[in-house]
Amino acid sequence: MKTTKKVITLDEFIYERERDFPFATGELSGLLRDIGFAAKIVNREVNKAGLVDILGTTGISNTTGDEVKKLDLFANEQFITSLQVSGECCGIASEEMETFLPINTEDAKNAKYVVTLDPLDGSSNIDVNVGIGTIFSIYRRQSFFGPCTLEDFLQKGSRQVAAGYIFYGSSTMMVYTTGNGVNGFTLDPSIGEFCLSHPNIKIPETGKIYSVNQGNFLKFDQAIKDYITYCQSEDKTTGRPYSLRYIGSLVADVHRSLLYGGIFMYPASKGAPQGKLRLLFECFPMSFIIEQAGGKASDGQRRILDIQPTELHQKCPVFLGSTQMVEKVEEFIRQAREASAASATPGSAVTA
Ligand code: AHG
Ligand code: MN
Ligand code: MN
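Counting secondary structure elements, the protein chain contains eight helices and 15 strands. Relative to the globule expectation of 20 Å for 352 residues, the C-alpha radius of gyration of the protein chain, 21 Å, shows essentially globular dimensions. If you line up the protein chain on its principal axes, its C-alpha atoms span 75 × 60 × 50 Å. When burial is assessed residue by residue, the protein chain has 53% of its 352 residues classed as buried.

Below, the structure written as structure tokens:
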């Protein structure tokens with residue numbers, strides 16, 4: 001008789017992993033389950049987005065100046081409600097909210113975790129049926145008890161306890177890490193469960209795809225222009241020219257890089273000295289996932305996870321993906337800095 005392969009659901013997986021930690025209180029597991037639940041509801045709205053009057057803009061901008069779509073607000077409310085009622089986190093910071101939201105109910109105010117959210121990533125793609133996502137990360141609070149404080153959120157990325165994303169694409173997936181590898185779950189709509197489909201994801205050491213908004217080319221530093229030209233140049237040993245893929249939803253571009261290998265970049269440019277992506281809501285969680293899958297995440301010079309944030313909505317240039325490719329762009333940046341330092345030092349000019 002043919003045996004059917006046992007499907008492992010997200011909830012079962014979370015429960016199994018919790019049993020590996022004898023002193024686990026179940027709060028982190030509860031948070032991950034809440035996020036999984038909210039994701040299913042947002043997924044339902046995303047799927048019927050073309051059918052109901054939820055599309056279009058609200059005419060207001062979020063704190064970093066981007067136009068906010070209605071689905072952004074729906075997702076924000078949904079994740080917050082789901083996290084609030086469980087009482088397992090004492091505060092939430094979201095890309096859609098100027099300041100953090102303390103949760104001061106009796107259950108929650110002494111809870112030990114805080115959560116950061118980009119509830120709807122890739123919002124410019126909602127109206128055109130292109131993949132969008134949700135990004136989250138979870139930290140242990142710094143304050144001991146009572147209402148959470150700003151310092152609870154302003155922690156280095158290396159202090160994340162868990163991070164992940166939900167990708168509403170051709171299928172819906174949740175990918176997350178608790179610092180012990182990366183696992184991916186695909187939503188089976190017929191049973192309404194996320195099922196383990198991509199256990200222990202490892203990013204290839206190198207790849208053949210670079211991903212950047214090349215429309216900004218003329219505004220990039222020379223080192224980045226040179227690296228892009230390198231990606232486009234022919235070389236048999238490294239398989240260049242690389243292909244360019246850019247979806248404009250970070251979740252989708254990172255997901256592809258994770259599975260196929262490649263590099264994703266959002267560098268600084270003229271007029272945007274820190275790039276566009278937000279350190280807390282986008283760069284930290286994606287960097288944690290990429291590192292946990294064996295890749296690398298850098299701001300061009302430093303490991304992203306070592307950056308100490310000073311503001312909730314701080315931005316940061318980002319280069320992440322296959323280790324060898326990220327190291328290559330760092331090499332271009334380092335060489336350009338050394339050359340400019342040398343030319344600024346009197347008497348350093350090399351004579352023939
Ligand atoms: P969000 O929709 O959460 O504001 O994020 C949009 C981000 C990110 O998803 C993507 O990588 C980037 O913006 C695209 O920006 P450009 O259109 O400037 O390339
Ligand atoms: Mn985003
Ligand atoms: Mn967003």
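With that settled, the discussion passes to empty space enclosed by the protein. This model, assessed by the stated rule, comprises one cavity of 30 Å³ or more. Estimated volume of the largest cavity: approximately 40 Å³. Taken together, F13, R17, Y176, T177, T178, N180, G181 and N183 form the lining of the largest cavity. The set of elements that each furnish at least two residues to the lining of the largest cavity consists of α1 (10-18) and β8 (172-177). Here the residues of the lining of the largest cavity sort into two nonpolar, five polar and one charged.

All chains considered together, the criterion is met by eight aromatic pairs. Considering the side-chain rings of Y227 and Y230, the 5.7 Å spacing of their centres and the 25 degrees angle between planes classify their relative orientation as stacked. In this pair, Y227 and Y230 are both assigned in helix α5 (residues 222-232), three residues apart and thus about one turn of the helix distant. Pair check on accessibility: Y227 and Y230 agree, each one buried. Through successive ring pairs, a cluster of aromatic residues spans F13, Y176 and F185. Positioned over the ring face of Y230 is R240, at 3.7 Å from the centre of the ring.

What follows covers the site of ligand 1. Around ligand 1, a shell composed of 18 residues is seen, among which D121, S123, Y246, L250 and Y266 lie nearest. Between ligand 1 and E95 there is a distance of 3.0 Å, counted from an oxygen atom to a side-chain nitrogen or oxygen. Here an oxygen atom of ligand 1 sits 2.8 Å away from a polar atom, N or O, in the side chain of S123. In isolation ligand 1 exposes 470 Å². Once the protein is present, 87% of that is buried. Taken together, the elements giving at least two residues each to the shell around ligand 1 come down to β5 (113-121) and β13 (263-266). It is β5 that provides the largest number of residues to the shell around ligand 1, a total of three residues. Class assignment for the residues of the shell around ligand 1 results in six nonpolar, five polar and seven charged.

Turning our attention to the side chain of S287. Looking at the element boundaries, S287 is found in helix α7 (residues 279-292). Assessed through its relative accessible area of 0%, S287 is described here as buried.

On the surface, a nonpolar cluster with roughly 220 Å² of combined accessible area is contributed by V128, V130 and I247. Of note, V130 is situated in the loop between β5 and β6 (132-140). Residue V130 is classed as partly exposed on the basis of its relative accessible area, which comes to 32%.

Here the manganese ion (ligand 2) is held by the protein donor atoms D118 (OD), D121 (OD) and E282 (OE), which lie 1.9 to 2.2 Å from it. Between consecutive donor residues of the manganese ion (ligand 2), the sequence gaps follow D-x2-D-x160-E. Between the manganese ion (ligand 2) and the manganese ion (ligand 3), a spacing of 3.8 Å is present, and a bridge between the two is formed by D118. Of this pair, D118 sits in strand β5 while E282 sits in helix α7, and the two are 164 residues apart along the sequence. Each of the two residues, D118 as well as E282, counts as buried.

Below, the discussion takes up the coordination of the manganese ion (ligand 3). Between any two of four tetrahedral donors, the ideal angle at the metal is 109.5 degrees; between two of six octahedral donors, it is 90 or 180 degrees. Looking at the manganese ion (ligand 3), one finds its protein donor set to be E95 (OE), D118 (OD) and L120 (O), positioned 2.3 to 2.5 Å from the metal centre. Sequence spacing of the donor residues for the manganese ion (ligand 3), all on one chain, is E-x22-D-x1-L. The exposure class of D118 is buried, given its relative accessible area of 0%. Take L120: its relative accessible area is 1%, and that puts it in the buried class.

Here we have eight strands laid out as an open sheet, ordered β4-β3-β5-β6-β7-β8-β9-β10, and mixed in their pairing. Unpaired on one side and paired on the other, β4 (101-102) and β10 (193-198) mark the two borders of the sheet. Examined bridge by bridge, strand β9 (residues 182-188) and β10 share five bridges and lie antiparallel to one another. Residue pairing across strands places G184 opposite H198, the latter belonging to β10. Contacting β3 (89-94), β5, β6, β7 (160-168), β8, β9 and β10, helix α2 (residues 27-47) runs over the sheet at an angle of about 15 degrees to β7.

Our next topic: unusual backbone geometry. The step from R240 to P241 runs through a cis peptide bond, and the omega angle for that step is 5 degrees. The residue P241 is located in the loop between α5 and β12 (243-244) in this model. Located in the positive-phi region is N129, a residue other than glycine, with phi close to 60 degrees. One non-glycine residue, N200, lies in the positive phi region at around 45 degrees. Counting through the fold element by element, N200 comes out in the loop between β10 and β11 (209-211). Judged by relative accessible area, N200 falls into the partly exposed class, the value being 48%.

Rules and cut-offs
- Residues numbered from 1 in each chain as written.
- Chains lettered and ligands numbered in written order.
- Predicted model: local features only at pLDDT ≥ 70, side-chain atom pairs only at ≥ 80, totals over all residues.
- Heavy atoms only, no water.
- Helix = DSSP H or I, 4+ residues; strand = E, 2+ residues; numbered from the N terminus.
- Rg over C-alpha atoms; globule rule 2.2 N^0.38 Å.
- Buried < 20%, exposed > 50% of the residue type's maximum accessible area, 1.4 Å probe, protein only.
- 1 Å grid on protein atoms, 1.4 Å probe; cavity = no way out; pocket = protein on both sides within 12 Å on 5 of 7 lines; lining within 4 Å.
- Points joined across faces, edges and corners; volume = space filled by probe spheres on them.
- Nonpolar A, V, L, I, M, F, W, Y, C, P; charged D, E, K, R; others polar.
- Phe/Tyr/Trp six-rings, centres within 6.5 Å; stacked < 30°, edge-to-face > 60°.
- Lys NZ or Arg CZ within 6 Å of the ring centre and 35° of its normal.
- Near = heavy atom within 4 Å.
- Polar contact = N/O pair within 3.5 Å; in protein donor to acceptor, adjacent residues only side chain to side chain.
- Areas by Shrake-Rupley, 256 points an atom, 1.4 Å probe, with all protein chains shown as cover.
- Patch = residues over 30% accessible without salt bridge, like charges linked within 9 Å, V, L, I, M, F, W, Y side chains within 5 Å.
- Salt bridge = Lys/Arg side-chain N within 4 Å of Asp/Glu carboxyl O.
- Donors = N, O, S within 2.8 Å, 3.2 Å for Na, K, Ca; no water.
- Pairing = 2+ DSSP bridges.
- Contact = heavy atoms within 4.5 Å.
- Axes fitted to C-alpha atoms, helices over the stretch in contact; angles between N-to-C directions.

Worth remembering: the numbers are spatial, not functional.
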